[in-house]
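What follows is the residue order along each chain.
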Amino acid sequence: MQDIAFLSGGRGIDNAWVITFPENCNFKCIPEEVITKVLTYLTSIARKNGSDSRFTIIVDRRLDTWASVKISLQKISASFPGNLHLVLVLRPTSFLQRTFTDIGFRFSQEDFMLKLPVVMLSSVSELLRYIDDKQLTPELGGTLQYCHSEWIIFRNAIENFAVRVKEMAQVLQSFGTELAESELPADIPSIEEILAVRLERYQQLKNEIRTVTKEGQVLLTNLKLPATEEGAVSLEHRHPICGDWKTVNKLLTQVHDMETAFDGFWEKHQLKMEQYLQLWRFEQDFQKLVAEIEHLLKQVSELDDIAGNITQVKHKIKKLESLDETSVALLTRTRCAILHGHQLAANHHYALDLICQRCNELRYLSDVLVNEIKTRRIQLNRILKMHKLLQQARQCCDEGECLLANQESERFQTKEDAQKALEDIKNFIESSLPFISYDAESLEFEFDMFYSPELKIQMQTVQLKLENIRSMFENHQMGFKKQTQKHRREIQFVVSDPENPTRSNHVGIGYSFFQACKLFLREKKTWRQNQSTANDDAALGCQRRSCGPSASLDSDSGLDILKNHVLNELIQTEKVYVRELFTVLLGYRAEMDNPDMFALMPPLLRNKKDILFGNMAEIYEFHNNIFMSSLENCSDAPERVGPCFLERKDDFQMYAKYCQNKPRSEVIWKKYSECAFFQECQRKLKHRLGLDSYLLKPVQRITKYQLLLKELLKCSQDSEGSAQLKEAVDTMLDLLKSVNDSMHQIAINGYIGNLNELGKMIIQGGFSVWIGHRKGTTKMKDFARFKPMQRHLFLYEKAIIFCKRRVESREDADRYPSYSFKHFLNMDEVGITEYVKSDNRKFEIWHDGRDEVYIVQAKSVDVKMLWLKEIRSLLLKQQELITVEKRKQHVMELCNITPQQNDEFVWTEPSPSVEISKEC
């Protein structure tokens with residue numbers, strides 16, 4: 001802008017670019033570094049517009065002095081960065097300065113010629129000898145049109161446009177990386193919100209791209225020359241404008257390519273996001289349908305009870321019909337969901353396998369529901385038919401009783417009357433034959449169902465009643481026959497009450513059942529007393545043995561005194577612990593069932609007792625009835641402490657259940673801790689601390705055992721029972737690790753399946769993870785990932801689970817973490833590479849022949865070596881199992897064992913003395 005020099009676009013001898021230094025009286029005051037920047041900028045523009053890098057300089061000093069010419073040449077020679085072809089100097093025109101210039105140039109010509117090829121010119125006409133007038137601007141006698149201010153405007157516009165294009169490329173790249181890296185939420189409203197935000201961001205970027213494109217097109221239009229007769233010549237010779245036009249056109253092409261790539265990326269991303277949202281909606285519908293079907297199946301299964309009378313059975317049938325109507329609408333929705341899943345699969349959804357699996361599950365549950373309703377309807381109809389048969393049989397009994405009541409012996413004085421009575425009896429027996437001939441087993445077989453004990457008793461009662469009536473009718477029949485044969489003989493009938501046998505039999509059945517229940521309870525009570533006596537005898541025997549000479553303590557030994565002190569602390573703290581548990585269970589838990597305390601308790605708290613206290617009652621029963629007495633028996637025999645813990649190590653697993661319930665318990669406590677119920681209980685117990693402190697006691701106690709055992713082990717080195725005591729310490733440490741691992745395991749969310757089927761958890765911890773793929777398309781988020789993923793790994797006997805730890809804002813977030821399931825690797829298909837070049841904390845876990853590689857970075861080398869040790873141990877066990885299986889198969893082939901013989905074949909491991917090579 002100071003007009004130090006300009007690039008007009010003209011060409012000199014040998015097609016060299018012309019750089020003009022116009023008249024500038026302040027040139028000698030301009031710093032050399034400024035001139036260097038100007039010349040570097042002009043030469044760089046010339047190089048971008050053509051491959052020729054030679055330059056011709058015109059220095060116009062016609063109105064200046066020799067001193068100015070000399071300074072100009074010195075600064076140009078020191079600052080010019082390119083290949084200088086020629087320097088043309090228009091020397092001063094005044095007589096005096098021209099004389100000084102001639103003399104000065106004559107004496108310093110050699111110096112200038114060594115540095116610059118300088119030619120002194122007296123006039124513009126001499127300049128035309130070296131450069132054509134079409135390549136010179138008008139002030140130098142040429143015809144080339146050049147406006148310096150216009151040139152600056154265009155250069156600013158071009159360079160600003162180039163910067164805009166570069167920034168736009170960076171913004172698009174950043175947006176793409178953000179889309180690939182960001183984790184998606186796990187609920188539909190949040191997904192829809194993210195989709196809307198990203199779509200809005202996409203529209204903004206598209207508008208910015210259009211703005212940049214429009215700016216470039218306007219700039220390109222302004223750079224085009226008018227199509228005149230001299231236009232072709234002018235365009236041919238005005239190389240800077242032509243070069244700028246190419247530059248802008250190239251940038252516009254770059255913008256167009258970026259827009260095309262961005263649109264393609266967005267189209268794929270939007271399709272993936274829409275499919276992700278479709279999958280979530282389908283999954284939500286699936287979970288809702290499964291819950292409704294399972295609820296309906298539960299209601300249908302509640303009708304499985306075949307007890308009750310005919311009214312209750314009819315009510316169940318009516319309820320089943322209502323459930324059947326509900327199932328019709330539910331099955332229609334299920335079929336629509338399956339059809340929706342098939343449509344998603346037909347549209348090449350990326351979760352094709354999962355959708356097909358869900359459709360199969362819905363189809364299976366639908367079939368189960370239909371079959372269950374059909375089976376239950378058949379069963380209830382059969383039960384109803386059975387009750388109707390029983391009702392008919394009871395009616396038959398009533399008719400028989402009525403007939404017996406009418407057949408009094410005084411009425412039959414003649415032979416005809418007796419024969420009429422015989423005929424009535426015969427008809428009744430024939431009509432009651434269908435009911436009398438069946439027993440419970442034959443009816444059960446005929447109706448293809450099992451009857452409840454109550455129904456069987458009803459059937460047996462009715463059957464017995466029918467048989468009694470039949471027997472009485474047969475007696476009557478025999479009597480009437482005798483009366484017919486002996487007309488004069490009076491037959492005295494004694495009609496017994498037909499209800500009495502049945503009633504007595506029924507009462508007999510009930511009484512027998514009552515007596516059986518009393519006998520069972522009496523035997524159970526006797527068994528418990530015997531067990532308690534046996535335990536007391538065993539405890540007494542242990543106490544007597546502990547009081548023997550072998551358990552006597554040396555009071556003179558300092559270690560023995562310290563050992564007794566630690567043992568006494570263990571026993572005394574155990575008593576305090578049991579007493580505190582009893583106080584909490586009696587003063588809080590039992591009071592929650594006290595009707596007098598209901599007014600102080602929130603209604604929603606009443607059914608939260610099992611969540612608030614967990615299995616504390618089970619822990620108290622174990623310590624109070626078993627473990628505390630065992631510890632007391634060790635008071636005179638410290639060597640029995642180790643076996644005391646080892647014999648009951650399985651019982652201590654109940655603490656894992658308590659610790660797993662602890663987060664839920666704390667939620668209840670925080671919600672209701674200020675209620676009047678807890679304050680009143682604390683006041684009655686005279687506790688200084690609240691209930692939450694006592695709920696923490698089991699957790700504190702299970703962690704304190706290993707500390708006390710360690711102290712006891714320090715005092716028991718090389719003494720009797722020290723090995724078992726050491727084993728007890730390891731057992732309690734393993735228990736703490738198991739409890740800690742289980743707390744982490746229950747916090748895993750999103751895993752489809754049962755984690756218990758993966759075997760025992762070996763170890764777990766946090767790592768930095770990178771993913772690599774050997775073949776197949778690379779995901780954009782993996783390609784653009786610069787930082788590692790933070791993953792929490794769980795190593796099981798059969799698999800490795802990759803999870804992401806969720807950052808919670810709660811106060812107890814560090815104590816009770818949450819993990820989202822990300823990936824699963826089967827140990828049968830896993831391999832490891834122990835060393836990675838870049839970092840000794842890294843190792844590789846590769847899957848399926850290194851098609852998928854996970855680079856894992858531990859927090860320290862020790863953590864890495866511990867994980868490698870456990871993984872190697874699991875892989876070695878798998879290899880040993882495979883080797884043993886191969887040996888067994890090989891031996892069976894050598895012995896030609898058939899499948900029938902294989903059932904009796906027993907494989908025996910080779911003895912330790914046999915040496916087996918790795919190849920074998």
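The rules behind each value
Residues numbered from 1 in each chain as written. Predicted model: local features only at pLDDT ≥ 70, side-chain atom pairs only at ≥ 80, totals over all residues. Heavy atoms only, no water. Helix = DSSP H or I, 4+ residues; strand = E, 2+ residues; numbered from the N terminus. Buried < 20%, exposed > 50% of the residue type's maximum accessible area, 1.4 Å probe, protein only. Contact = heavy atoms within 4.5 Å. Areas by Shrake-Rupley, 256 points an atom, 1.4 Å probe, with all protein chains shown as cover. Patch = residues over 30% accessible without salt bridge, like charges linked within 9 Å, V, L, I, M, F, W, Y side chains within 5 Å. Salt bridge = Lys/Arg side-chain N within 4 Å of Asp/Glu carboxyl O. Expected span 1.5 Å × (residues − 1). Arc of directions from axis to C-beta. Phe/Tyr/Trp six-rings, centres within 6.5 Å; stacked < 30°, edge-to-face > 60°. Axes fitted to C-alpha atoms, helices over the stretch in contact; angles between N-to-C directions. Parallel < 35°, antiparallel > 145°, perpendicular 65-115°, else oblique. Left-handed = near helix turned anticlockwise from the far one by under 90°. Nonpolar A, V, L, I, M, F, W, Y, C, P; charged D, E, K, R; others polar. Core = buried A, V, L, I, M, F, W, Y, C linked by side-chain atoms within 4.5 Å. Pairing = 2+ DSSP bridges. Polar contact = N/O pair within 3.5 Å; in protein donor to acceptor, adjacent residues only side chain to side chain. Disulfide = S-S within 2.5 Å.

> Is there a simple way to explain the overall build of the protein in this structure?
Each helix and strand counted, the protein has 26 helices and 13 strands in total. A burial count over the protein gives 40% of its 920 residues as buried. For the protein, the proportion of contacts with a sequence separation of at least 24, taken over those separated by at least 6, is 73%. Taken as a whole, the protein presents about 53500 Å² of accessible surface, with 53% of it coming from carbon and sulfur.

> I would appreciate a short explanation of a nonpolar patch on the surface in the present structure.
A cluster of nonpolar residues, Tyr835, Val861 and Met865, forms a patch on the protein surface that exposes about 280 Å² of accessible area. Mapped onto the elements of the fold, Val861 is located in helix α25 (residues 861-895).

> Whenever I open this one, helix α1 (residues 32-48) confuses me. Can you help?
Residues spaced three or four apart along an α-helix face the same direction, because each turn holds 3.6 residues. Helix length check: α1, at 17 residues, gives a terminal C-alpha distance of 24 Å against a target of 24 Å (1.5 Å per residue), a fit within 8%. Along α1, the positions that sit buried rather than exposed are Ile35, Leu39, Leu42, Thr43, Ile45 and Ala46. Seen end-on, α1 carries its buried residues on one side only, within an arc spanning 155 degrees. Turned more than 90 degrees off the buried face of α1, the exposed positions are Glu33, Lys37 and Lys48.

> What is the right way to read the environment of Leu86 from this model?
Tracing the sequence through the fold places Leu86 in strand β4 (residues 83-90). Those residues in contact with Leu86, other than ones at most four positions away along the chain, are Ile13, Phe55, Thr56, Ile57, Pro117, Val119 and Tyr130.

> Just to check I follow, could you spell out the packing of aromatic side chains for this structure?
For any pair of aromatic rings, the description rests on two quantities: the centre-to-centre distance and the angle between the ring planes. As enumerated under the stated definition, the model contains 27 aromatic pairs in all. Consider the rings of Tyr588 and Phe678, whose centres lie 6.4 Å apart with planes at 40 degrees: the pair is tilted. With a gap of 90 residues between them, Tyr588 in helix α15 (residues 558-589) and Phe678 in helix α20 (residues 676-685) connect regions that are remote in the sequence. A single burial state applies to Tyr588 and to Phe678, both of which are buried.

> Where do I start with the packing of helix α5 (residues 148-181) against helix α6 (residues 188-223) in this structure?
Across the interface, α5 lies against α6 with an axial gap of 11 Å and an inter-helix angle of 160 degrees. Between α5 and α6, the angle is such that the two are roughly antiparallel. The way α5 lies across α6 gives a crossing that is left-handed. Looking at the contact of α5 with α6 residue by residue, the class counts come to 16 nonpolar, three polar and five charged.

> How should I be thinking about the nonpolar core in this particular structure?
Phe613, Val641, Phe645, Phe652, Phe678 and Leu691 are the most contacted members of the largest nonpolar core, which has 57 residues in total. Considering each element in turn, this core owes the most residues, 10 residues, to α15. Not counting residues within four places of it along the chain, the set of residues in contact with Val641 comprises Leu567, Leu570, Cys634, Leu709, Leu712 and Leu725. Judged by nonpolar contacts, the second largest core, of 29 residues, contains Ile317, Ile338, Ala351 and Leu365.

> When you look at the pattern of salt bridges in this model, what are you seeing that I'm missing?
Two side chains bearing opposite charge may form a pair once their charged atoms approach each other closely. Applying the stated criterion across every chain, the model contains 23 salt bridges. The salt bridge involving Arg683 is made with Glu680; its shortest N-O contact spans 2.5 Å. Here Glu680 and Arg683 lie together in helix α20, a separation of three residues that amounts to about one turn. For Glu834, the salt bridge is made with Arg872, and the minimal N-O distance between the two is 2.6 Å. Placement of the pair is Glu834 in the loop between β11 (830-833) and β12 (842-847) and Arg872 in helix α25, with a sequence separation of 38 residues. One network of salt bridges, with partners in common, ties together Lys206, Glu259 and Asp263.

> What is the right way to look at the pairing of strand β1 (residues 6-11) in this model?
In regular strands, side chains alternate between the two faces of the sheet. Counted residue by residue, β1 has six buried out of six residues, so it is predominantly covered. Here three bridges tie β1 to strand β2 (residues 17-21), and the two strands are oriented antiparallel to one another. Within the sheet, the bridge partner assigned to Phe6 lies in β2 and is Thr20. With antiparallel pairing between neighbouring strands as the criterion, β1 and β2 make up a hairpin whose turn holds five residues, including Asp14 at a positive phi of roughly 55 degrees.

> Just checking my understanding: could you explain the packing of helix α22 (residues 697-714) against helix α23 (residues 722-745) for this structure?
The geometry of a pair of packed helices is captured by two quantities: the angle between their axes and the separation between those axes. The geometry of α22 relative to α23 is characterised by a closest axis approach of 9 Å and an angle of 155 degrees between their N-to-C directions. With respect to α23, the axis of α22 lies roughly antiparallel. The way α22 lies across α23 gives a crossing that is left-handed. Side by side, α22 and α23 meet where Ile702, Thr703, Tyr705, Gln706, Leu709, Lys710, Leu712 and Leu713 of the first sit next to Ser722, Leu725, Lys726, Ala728, Val729, Met732, Leu733, Leu735 and Leu736 of the second. Across the contact of α22 with α23, the residue classes tally to 12 nonpolar, three polar and two charged.

> Help me understand the sheet that holds β1 in this model?
For sheets, the rule is that strands pair by backbone hydrogen bonds, running either parallel or antiparallel. Pairing within the open sheet is mixed, and its five strands lie in the order β1-β2-β3-β4-β5. The open sheet has two edge strands, β1 and β5 (118-121), and neither has a second partner. Between one strand axis and the next, the sheet turns through 25 degrees on average, direction left out of account. Bridge count for strand β3 (residues 54-60) against β4 is seven bridges, and the pairing is parallel. From the neighbouring strand, Phe55 faces β4, where its bridge partner is Leu84.

> Just checking my understanding: could you explain the environment of Asp263 for this structure?
Along the chain, Asp263 turns up in helix α8 (residues 239-301). Sequence separation between Asp263 and Tyr202 is 61 residues; the distance between their C-alpha atoms is 9.3 Å. The contact partners of Asp263, leaving out residues within four places of it in the chain, are Tyr202 and Lys206. Polar side-chain contacts of Asp263 include one of 3.2 Å to the side chain of Lys206.

> Where do I start with unusual backbone geometry in this structure?
Most of the time, phi is negative for any residue but glycine, and the peptide bond is trans. Positive phi values are uncommon outside glycine, yet His348 reaches one of about 60 degrees. The exposure class of His348 is exposed, given its relative accessible area of 70%. In this structure, Lys686 takes a positive phi of about 60 degrees despite not being glycine. Within the fold, Lys686 resides in the loop between α20 and α21 (691-695).

> Help me understand the state of the cysteines, please; the structure alone is not making it clear to me.
Two cysteines whose sulfur atoms are joined by a covalent bond form what is called a disulfide. A complete count under the given rule lists zero disulfides for this structure. Unpaired in terms of disulfides, Cys634 finds its nearest cysteine sulfur in Cys644, a separation of 4.6 Å. Here Cys634 falls in the buried class, since its relative accessible area comes to 1%. Its relative accessible area of 4% is what places Cys644 among the buried residues.

> How should I be thinking about the environment of Ile373 in this particular structure?
Mapped onto the fold, Ile373 is located in helix α10 (residues 352-406). For the pair Ile373 and Leu297, spaced 76 residues apart in the sequence, the C-alpha separation amounts to 8.4 Å. For Ile373, the residues in contact, after removing those within four places along its chain, are Val300, Leu320, Leu323, Asp324 and Ser327.

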